[in-house]
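Reading the structure
Residue-level listing of the chains:
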Amino acid sequence: MIIINYYIYCTTFHAAQVLGIQTMPDLSARIGENLSRVRQRIAAAASRGGRHAEEIKLLAVTKYVGNAEIRVLVQAGCTDLGESRPQQLWQKARELADLPIRWHLIGHLQRNKVRRTLPLASMIHSGDSLRIIKTINESAAELGRRVPLLLEVNTSGDPAKGGFQAHEVEALLPELAMFRHVEIQGLMCMASLEGGQDTARRDFAALRKLRDRMRSHCPPEIVLDELSMGMSGDYETAVEEGATIVRIGSALFEGVVQ
Ligand SMILES: *Cc1c(COP(=O)(O)O)cnc(C)c1O
């Protein structure tokens, strides 16, 4: 009987693997391994940069996966989750409302989606224009809330990318300080995808230097502690250059999604 059961277990397990279906223990093990590898690498990069691992928050980007994977991730202790599309964030927040998740919006937000996004988001990383920040401020005022927000800066200078230009954002500080219902906590950037680690390092260092310079003459309402930078391909470089939040998707789901 035991042998037969074992045989059934093995063939089912094998069939599931051939079909690309992950069984739950398999999914937990994979995600758990990926997570501990990422955490180890963050810690190693932090120590290379003369920093403590605890200074760096891991934001798990869940845009590639469904609810089953997210549940495993939360079970493993990841509760800060990021989505780049507002509609996806709404849907997942609704379906996973039983979990203690803090959702972060990391992609572009259109003005007509602000009202529905704000009650669900604990931070918006993509404050990429004065117009959208103004709308967020108005909506947050109606909710009686202050919304944590990062200013997205286009450090790579790529015209196809969103975000403030590095040279303009500094001059906007006094104006940004007038928005009483947004709490500007730092800067965010995406390194250019082409160009490798050297280019990424240059972009990350540029964001850190911009933050340091802005911090020296910031109005008291604005505290620029956070640097949200680094994704699966470049987070170790980002940590070496001062990231306080890394946004990691695919590295957490290796072997889980293609
Ligand atoms: C998708 C995405 C990430 C995560 O990307 P990976 O390379 O899969 O880690 C991080 N930040 C933003 C803004 C994204 O859209």
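Throughout what follows, the structure given in this document is the object of discussion. The structure displayed is predicted, hence computed values, not measured ones.

Digging into the nonpolar core
Note that soluble globular proteins tend to have their nonpolar side chains buried in a common cluster. Counting residues in each nonpolar core, the largest one holds 70 residues, and the members touching the most others are Ile124, Ile133, Ile136, Leu151 and Val246. Considering every element that reaches this core, the biggest residue donor is helix α2 (residues 24-48), with 7 residues. Ignoring anything within four residues of it in the chain, the contact list for isoleucine 124 reads Leu105, Leu109, Leu118, Ile136, Val147, Pro148, Leu149 and Leu150. If you look at the next biggest cluster of nonpolar residues, it comprises 7 residues, including Val61, Ile106, Met123 and Ile245.

Focus on helix α3 (residues 67-75)
Among the residues making up α3, those that are buried are Glu69, Ile70, Val72, Leu73 and Val74. In this fold, the buried residues of α3 make contact with α2, β1 (57-61), β2 (80-83), α4 (86-95) and β3 (102-105).

Quick word on the site of the ligand
Lining the immediate surroundings of the ligand are Val61, Lys63, Tyr64, Ser84, Ile106, Met190, Met231, Ser232, Arg247, Ile248, Gly249 and Ser250. Lysine 63 places a polar side-chain atom, nitrogen or oxygen, 2.7 Å from an oxygen atom of the ligand. Between the ligand and serine 232 there is a distance of 2.5 Å, counted from an oxygen atom to a side-chain nitrogen or oxygen. Against a free-state accessible area of 390 Å², the protein chains account for coverage of 90% of the ligand. When grouped by side-chain class, the residues that make up the shell around the ligand number 6 nonpolar, 4 polar and 2 charged.

Considering the side chain of threonine 62
You can see threonine 62 is positioned in the loop between β1 and α3. Residue classification places threonine 62 among the buried positions, given a relative accessible area of 0%.

Things to note about the pattern of salt bridges
Counting across every chain of the model gives 19 salt bridges. With its nearest N and O atoms 3.3 Å apart, the salt bridge here joins glutamate 55 to arginine 51. Between aspartate 158 and lysine 161 there is a salt bridge; the shortest N-O distance is 4.0 Å. Given the relative accessible area of 24%, lysine 161 is considered partly exposed.

Parameters at a glance
Residues numbered from 1 in each chain as written. Predicted model: local features only at pLDDT ≥ 70, side-chain atom pairs only at ≥ 80, totals over all residues. Heavy atoms only, no water. Core = buried A, V, L, I, M, F, W, Y, C linked by side-chain atoms within 4.5 Å. Buried < 20%, exposed > 50% of the residue type's maximum accessible area, 1.4 Å probe, protein only. Helix = DSSP H or I, 4+ residues; strand = E, 2+ residues; numbered from the N terminus. Contact = heavy atoms within 4.5 Å. Near = heavy atom within 4 Å. Polar contact = N/O pair within 3.5 Å; in protein donor to acceptor, adjacent residues only side chain to side chain. Areas by Shrake-Rupley, 256 points an atom, 1.4 Å probe, with all protein chains shown as cover. Nonpolar A, V, L, I, M, F, W, Y, C, P; charged D, E, K, R; others polar. Salt bridge = Lys/Arg side-chain N within 4 Å of Asp/Glu carboxyl O.

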